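# Topology and contacts: notes
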Amino acid sequence: MIKPENQISIPTRQPAGPRLSIPLRFRDRRRVTILMTLIVLAYITLATLPTMIPSHFKLGTALTSFAENIKIMFWQPHLANTTFITLLGALGQSILLAFLTTLIGSVLAFFFALASTRRLAPTYLVLGIQSLMAVIRAIPTVLWVLIYSVVFGLGANAAVVGITFHSVAYLTKVYADSMDELSPGIIETMQAMGLKKSAIIRQAIIPYMMPSYLSWTFIRFEINFADAIAVGAAAGAGGIGYQLFMSSSFYFNFHEVGVMVYMILAFALVLEIISYRLRTATN
Amino acid sequence: MLTVKHLAKSYDGEKKSLTDVSFSVQPGEVTVIIGPSGAGKTTILRSINQLIRDDDGEILFDNTDIRQLNRAQLRQARCRIGMIFQNYNLIEPLTAIENVLHGCLGTKSNLAGIFSIYRNREKEEALKLLEKVGLAEFAYQQCRNLSGGQKQRVGIARALMQQPKIILCDEPIASLDPKSTITVMDILRDLATNDGISVLINLHQVDIARSYADHVIGINNGQVVFDDRIQALSDTAIASIYQKDANSEGSVVHEF
Amino acid sequence: MLTVKHLAKSYDGEKKSLTDVSFSVQPGEVTVIIGPSGAGKTTILRSINQLIRDDDGEILFDNTDIRQLNRAQLRQARCRIGMIFQNYNLIEPLTAIENVLHGCLGTKSNLAGIFSIYRNREKEEALKLLEKVGLAEFAYQQCRNLSGGQKQRVGIARALMQQPKIILCDEPIASLDPKSTITVMDILRDLATNDGISVLINLHQVDIARSYADHVIGINNGQVVFDDRIQALSDTAIASIYQKDANSEGSVVHEF
Amino acid sequence: TGSHQNAKTLTVVFLPGDSAKEAGPARTALANEIHKATGKKVEVKTTTDYNVAIQAISSGKAQIALMGPDSYIQAHKQNAAVEPILTYSGKSGTLKDAQYHSYIMVPKDKANQYKVNGKFSLEKIKGQKMSFVSNTSTSGFAIPAGAIQTNFNLKNKDDLQQSGKFFSKVLFGGSHQGSAVNLLKGDADVAAFDDMDLVSYGKFTNDSTKAGADFKINANAPAPFNSVRGKESIALAAYPVQNEPIAVNSKMLSKSDTKKIISTLTSSRIAKDKKFFAPSNAKVHSLLPKDGDTQFIAISDKWYAPTHKVLGE
Amino acid sequence: MNSDVQQVTNFFNTKRLRLSIILVIFGLAYIGASIGLGFQTQSLLNVQAGIAWLIHNFIPNEASQGYWNEIIQQLFRTFIVAVASTTCAAVVSLFLAIIGAQTLTPAITVSWVIRCLSSLLRNIPIVAWAMILLFSFKQNDLTGFLALFFMTLGFLTRAFMETIEDFGTEKIQALQATGATYLQVIFQGLLPEIAVALMTWILYMIENNVRDATLVGLLTGTGIGFIFNLYFKSLRYGAAGLVVLSVIILVVAVELISNLIGRLLS
Ligand SMILES: Nc1ncnc2c1ncn2[C@@H]1O[C@H](COP(=O)(O)OP(=O)(O)OP(=O)(O)O)[C@@H](O)[C@H]1O
Ligand SMILES: Nc1ncnc2c1ncn2[C@@H]1O[C@H](COP(=O)(O)OP(=O)(O)OP(=O)(O)O)[C@@H](O)[C@H]1O
Ligand SMILES: [Mg+2]
Ligand SMILES: [Mg+2]
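Residues numbered from 1 in each chain as written. Chains lettered and ligands numbered in written order. Predicted model: local features only at pLDDT ≥ 70, side-chain atom pairs only at ≥ 80, totals over all residues. Heavy atoms only, no water.

### With respect to the site of ligand 2
Residue and element names in this part refer to chain C. Every one of the 13 residues lining ligand 2 counts as a neighbour, but Lys15, Ser37, Lys41, Thr42 and Thr43 are closest to it. Between ligand 2 and the protein, one listed contact pairs an oxygen atom with a side-chain N or O atom of Ser37 at 2.4 Å. At a separation of 3.0 Å, an oxygen atom of ligand 2 approaches a polar backbone atom of Gly40. For ligand 2, whose accessible area on its own is 630 Å², the fraction buried by protein is 61%. Considering only residue class, the shell around ligand 2 consists of three nonpolar, seven polar and three charged. (Near = heavy atom within 4 Å. Polar contact = N/O pair within 3.5 Å; in protein donor to acceptor, adjacent residues only side chain to side chain. Areas by Shrake-Rupley, 256 points an atom, 1.4 Å probe, with all protein chains shown as cover. Nonpolar A, V, L, I, M, F, W, Y, C, P; charged D, E, K, R; others polar.)

### Some words on the pairing of strand β9 (residues 215-220) of chain B
Residue and element names in this part refer to chain B. Within β9, six of the six residues are buried, which leaves it mostly tucked inside the rest of the structure. Of the two faces of β9, the one carrying His215, Ile217 and Ile219 and the one carrying Val216, Gly218 and Asn220 are both buried. Bridging between strand β3 (residues 30-34) and β9 involves four bridges; their strand directions are parallel. The residue bridging Ile34 from the neighbouring strand is Gly218, located in β9. Direction of pairing for β9 relative to strand β10 (residues 223-229): antiparallel, over a ladder of six bridges. If you follow Val216 over to β10, its bridge partner there is Asp228. (Buried < 20%, exposed > 50% of the residue type's maximum accessible area, 1.4 Å probe, protein only. Helix = DSSP H or I, 4+ residues; strand = E, 2+ residues; numbered from the N terminus. Pairing = 2+ DSSP bridges.)

### Observations concerning the pairing of strand β4 (residues 56-61) of chain B
Residue and element names in this part refer to chain B. Judged by which residues are buried, β4 turns out to be one-sided: Gly57, Ile59 and Phe61 face inward and are buried, whereas Asp56, Glu58 and Leu60, on the alternate face, are not. As defined by bridge partners, strand β1 (residues 2-9) adjoins β4 across five bridges and the pair is classed as antiparallel. Directly across from Thr3, in β4, lies its bridge partner Leu60. Relative to strand β5 (residues 64-65), β4 runs antiparallel, the two being bridged by two bridges. Looking at β5, one finds that Leu60 is bridged to Asp65. Connecting β4 to the antiparallel partner β5 that follows it, the hairpin turn spans two residues, and Asp62 within it adopts a positive phi of roughly 55°.

### So, the interface of chain C and chain E
Each side of the interface is counted separately: chain C has 28 residues, and chain E has 18 residues. Surface buried jointly by chain C and chain E totals about 2,100 Å² across both partners, of which 54% is contributed by carbon and sulfur atoms. Of all residues in chain C, Asn89, Ile91 and Ile114 of chain C bury the most surface against chain E, accounting for 23% of the area lost on that side. Summed over the shared surface of chain C and chain E, the result is one salt bridge. At the boundary of chain C with chain E, the tally comes to 13 residue pairs in polar contact (both at pLDDT 80 or more). For the side of chain C that touches chain E, the secondary structure elements donating two or more residues are α2 (71-79), β6 (81-84) and α4 (110-114) of chain C. Its residues placed into classes, the side of chain C that touches chain E shows twelve nonpolar, ten polar and six charged. (Contact = heavy atoms within 4.5 Å. Buried area = accessible area lost by both parts, 1.4 Å probe. Salt bridge = Lys/Arg side-chain N within 4 Å of Asp/Glu carboxyl O.)

### Quick look at the packing of aromatic side chains
In this structure the tally under the stated criterion is 44 aromatic pairs over all chains. With a centroid separation of 5.7 Å and an interplanar angle of 40°, the aromatic rings of Phe172 of chain D and Phe226 of chain E are classed as tilted. Taken as a pair, Phe172 of chain D in strand β9 (residues 169-172) and Phe226 of chain E in helix α10 (residues 223-233) lie in two separate chains rather than in one. By the burial criterion, Phe172 of chain D is buried, and Phe226 of chain E matches it. Pairwise contacts between aromatic rings join Phe132, Phe141, Phe152, Phe166, Phe167 and Phe172 of chain D together with Phe226 of chain E into one cluster. Stacked on the ring of Phe14 of chain D, the Lys or Arg Arg27 of chain D has its end atom at 5.8 Å from the ring centre. The ring of Trp112 of chain E has Arg115 of chain E lying over it, and the distance from NZ or CZ to the ring centre is 5.8 Å. (Phe/Tyr/Trp six-rings, centres within 6.5 Å; stacked < 30°, edge-to-face > 60°. Lys NZ or Arg CZ within 6 Å of the ring centre and 35° of its normal.)

### With respect to the UniProt feature "transmembrane region" (unreviewed entry) in chain A
All names here are of chain A. Mapped onto the present numbering, the UniProt feature "transmembrane region" (unreviewed entry) falls on residues 32-53, 84-114, 145-171, 200-219, 225-245 and 257-278. Between the end C-alpha atoms of residues 200-219 there is a gap of 27 Å, over a span that is 100% helix and 0% strand. Taken end to end, residues 225-245 has its terminal C-alpha atoms 16 Å apart, with 81% of it in helix and 0% in strand. (UniProt positions renumbered as here; feature names shortened; annotations may be inferred.)

### Quick word on the sheet that holds strand β4 (residues 82-88) of chain D
Residue and element names in this part refer to chain D. Spatially, the six strands line up as an open sheet ordered β2-β1-β3-β14-β4-β17, and their pairing is mixed. Only two strands of the sheet have a single neighbouring strand rather than two, namely β2 (41-46) and β17 (296-298). The mean inter-strand angle of the sheet, taken between neighbouring strand axes irrespective of direction, is 25°. Pairing of strand β1 (residues 9-14) with strand β3 (residues 64-66) involves three bridges; the strand directions are parallel. Considered in β3, the bridge of Val13 is made with Ala65. Strands in contact with helix α2 (residues 50-59) are β1, β3, β4 and β14 (245-249); relative to β14, the strand with the most contacts, it is inclined by about 45°. (Axes fitted to C-alpha atoms, helices over the stretch in contact; angles between N-to-C directions.)

### Observations regarding the domain arrangement of chain B
Residue and element names in this part refer to chain B. For chain B, the assigned domains are domain 1 (1-80 + 168-256) and domain 2 (89-163). For domain 1 and domain 2, the distance between their C-alpha centres works out to 25 Å. Note on domain 1 versus domain 2: buried area summed over both sides is about 1,100 Å², and carbon and sulfur give 65% of it. When the buried surface of domain 1 facing domain 2 is broken down by residue, Cys79, Arg80 and Ile187 rank first, second and third, together holding 42% of it. Along the contact surface separating domain 1 from domain 2 lie one salt bridge. The partner of Asp195 in a salt bridge is Lys132, and the shortest N-O contact between them spans 2.9 Å. Put simply, domain 1 and domain 2 have five residue pairs in polar contact (both at pLDDT 80 or more) between them. Per element, the largest residue contribution to the side of domain 1 that touches domain 2 is eight residues, and it comes from helix α7 (residues 178-195). Of the residues that constitute the side of domain 1 that touches domain 2, the class distribution is eight nonpolar, two polar and four charged. (Domains from an automatic or database assignment.)

Printed below as a string of structure tokens:
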């Protein structure tokens, strides 16, 4: 459609008379927002960065020791306190934890998302669920696991429930967002044919959602793998994270840390290849 | 078949999109609604199957007022009203036959809807309809791979699967190339003539209306300004239908 | 002004996109390059300011071979060659005047470029150019809010800001509606006639070429098959320019 | 829902809080012995989380726990049914020396600065850079911090854990090794750690039980001590720490089972088993360090009275 | 039966079969993983027990009010660390992304090196970063800052690089054709165009880092993570609940602010 040219008419003529300086732009909300945000961020950073450096801090020593440890990690990885098989088992445990939590999380989140998409659900439900999810998301996974490990006691239950909590909250949001992106015409059409809600969900929404559902779920799997490691370390929930924590915090054996980091990187590489395949397959 | 009386609708409670619209549609006839953009054509069509709730009036379909029905009854009624959209609104990741079969889900149970359980009779019917619109060989194609004209024909087959008494078409050919336009309009014409279905079409193209319509309703600024046989549609009548209304605020862009 | 001799280019080292292309362009004239899709029109234009490096030949601009220049010299030369694109290629979040001012970046320091420091003289010039293309009142509009025709006129003003001796236009009107097409072509014609700039345009529309060009170069399959005044462009000449080359593999789609 | 004294499986929880020395085979060996003694299936659970272990034993989800004295005291406080049944003896094979030591150490070259009236004293550690082990460690935090609290008459231990309050800086080494390295590398002025975890890295060159004890890192100490070999530190104070117990939840474990476990583990067969007790320089990771006649000895909560007192609980 | 109808039936049966197989596979995988981990599905039904416990124990009580000062102070430090690390990482990664993006890179090897680097930084677990840094930099905010910095650097470099590559080459060439230099093209052409997208990424990362800062704090003994650990491990659940509450408030506030900025930008 051709826009009539007089539609946008902001007075932009310069006042007559000698012009000392011609501006390049008038106030532009976007620009002002970006500038203000950047100024605030820069101010916070510059003002507080020096306060983070402790007094009597020997940067040189710290850096040499850091470089030394990095070198040990990457160039001299070997095991002392555990066996490779143990580590492999631990890695497997972390992977299983990530898998299980993603699976449970994605199924639960799917139903929550249905109940919180503007396309299908009443506003109060949408707002209610989404705020609840925002609050759950706000609590770091590791806190969930710590809390549940006291409630449930030992074993994997706490880790699974804790990570699932966060997964559900995250996935509900992204699933609901991608459902919201669905053209309203699709659902309306099905309604116009007299279809029931269950049929609309199964016959229209699921087929359209499948690709984004898969790709978000996979992304969440990667996040859950990282979380499984973190939780293993910070909440003693087992897996390769626990081993990592023991080696680095108890034995100070960075050779061993190196082995584990390599194992984790290897699995991350596998994930990256799969996600690349997924992306090219769906395109 | 369908009679609309004194229909009124305002989206924002202020500006009236429809004022006192009355007309009726006969079985076996193609009725075309024409009018400038923003006149209210889409609003009329969507009021008929209550995709939007109007403010006032009566819509008699099979002698019951659709506006008075409760949710379940409305779903029942909708099962007998086919609808065809400018953007086809097919479920693109599914195949043509699945889309056509959706047309009969309205009368089926929740379970059937969830697990795609269809009777053999329905499957047969769907295949027959695809053949009728000339797409027998595309039955197992994903709809996203079809061309615009093909998609619209799947849309028609889906509407027919509802065994409708009336088919509502909102600018069914706006996105189509000339050749597909003719194919689609021919099918619609045929449905009215041979199957006795009422066909109600929103159109922008007056020349197409001339070739296919039995009856024409002209809408301008939410009011019926013309309602007669196609033969009565003179050039002056057209001019008056499309005239820019002095009362309406804003500029109305003519897109035809 | 500009003379191209024996230009050759192959993207993949195998299939030749240009073979022995020679022609020259006169000041104050509009020269149009026509030819089927994939003939090599874009390749010729981009070779002239070395946005792509060709394989062989000579490109004499102001009596120096552009192909022999080092990076700094090439930048200097580019300052005097304006270029206009089918997709406008404006920086959309910036205002029209900022985009026009980009035209004089070539003559300024890095620092001035980074902090958008322009002389008042330059700003005045930019405003004058915007007025020239009829967009004085849009100077402070973000380009993303402009229509296609307006964007293309900002593009022209940007090219003029370079004070170019030649303007290269790659299908400048392909994305425009008929009305904007005329506005834009009128401006380009005017630049040649009144400002004495050489204007070299890739076009798909032969009728437009007929109305605006002084000189026509026909390209087919990477070779110059026609090079004459516009008056000499007969229908048979057009047919031969657009003829599907028997030697070329694949189908060449005629888009005009 | 009443007690589950007849639970078919027993759960043993390990908290490697103070000691990093346990290893899988040793844990399995303990589980096997308990299984043999009671005839019940035994499950081994390990956790680094202090709360989990305390919660597990006090709530009865686990029946048996091997945990540091501080953790035991906490669990006992939550549920009086948690009782110690065994601990291990010292060199003498009796409870007399069933203890190790926790120290507040300073580098040897600066040790004289901390003398008041010619004696080592805690007076001057205020405002220094302090290194503890972790805030859940008994010998690396609870005991020394308790002593500091008493010495300076503080309300609680919170201020001792945060930089810029009592100390100018507070570090947590994560382990006894880490805390010692903090001190010897100069990152901390004062550090708390114990002897038990460091025996394989260095030696005391004089009486290790009182202030003035001098700890010297071996010339061939492995990481993380490789950069501080040969360095020495002096104890401003030394506190005895009672050895860690094997605790049970008496509501969840029947008297007879408890008796069976005690009699099995105190047998001389176990005292000789390398999986349970081995010198700290031995190749195998034993459950507990062997020194002389180390063995398990039955105890009750009374024995921990001194620790109860130090911790003020 | 009509063979065409049979074909339709087969079509739906195949579809259903495929779906069933997938469901069965996932079901088996679920059972396998549960057994492998020792996870009991019924504990999912006990979630409400956890919530009840939480509410019972974590409701900040009278005593815990006294901790506000401490918590606010640590919360602020945590926020600062998150913001500073994101900002610093954003500056560095913008530079890396520009010279690494395939459309602007001076050499394709540079692009690959940066790609690998960013992937490495992203995939080394934050636990490992925290621990290595803790050993050399000790217990202070700088350690947390650096751990977050490295992770964010890896992530943002990748994100920025993709943003720049999506931007395409045409507009860059248009400016080059006016004789503009490399720096001029970047500042006058590239940055204005991608500014909004970059901003969105930065805000997202800040939000994320506030959450991760808690984890890093827990591991390195700094900030809000440390005092959570402190209260939690000394069984002062009321105070720990207060910490959780304050984290919720902070994260939700950051999310709201970033939504607001996002709306101003669109
Ligand atoms: N969802 C809506 N909310 C508010 N106003 C609306 C809405 N839909 C339509 N309108 C208004 O109602 C009037 C009639 O719109 P309608 O879409 O029915 O016109 P139309 O004749 O179908 O136009 P077109 O030919 O462009 O499709 C217009 O003025 C329009 O602005
Ligand atoms: N970047 C490229 N890499 C490889 N081959 C190219 C590239 N650009 C163009 N070509 C090939 O070079 C030939 C000439 O292309 P060019 O774009 O110059 O044609 P054109 O006349 O501008 O066509 P159009 O009218 O479609 O714009 C074509 O065969 C094309 O496939
Ligand atoms: Mg309409
Ligand atoms: Mg081209």
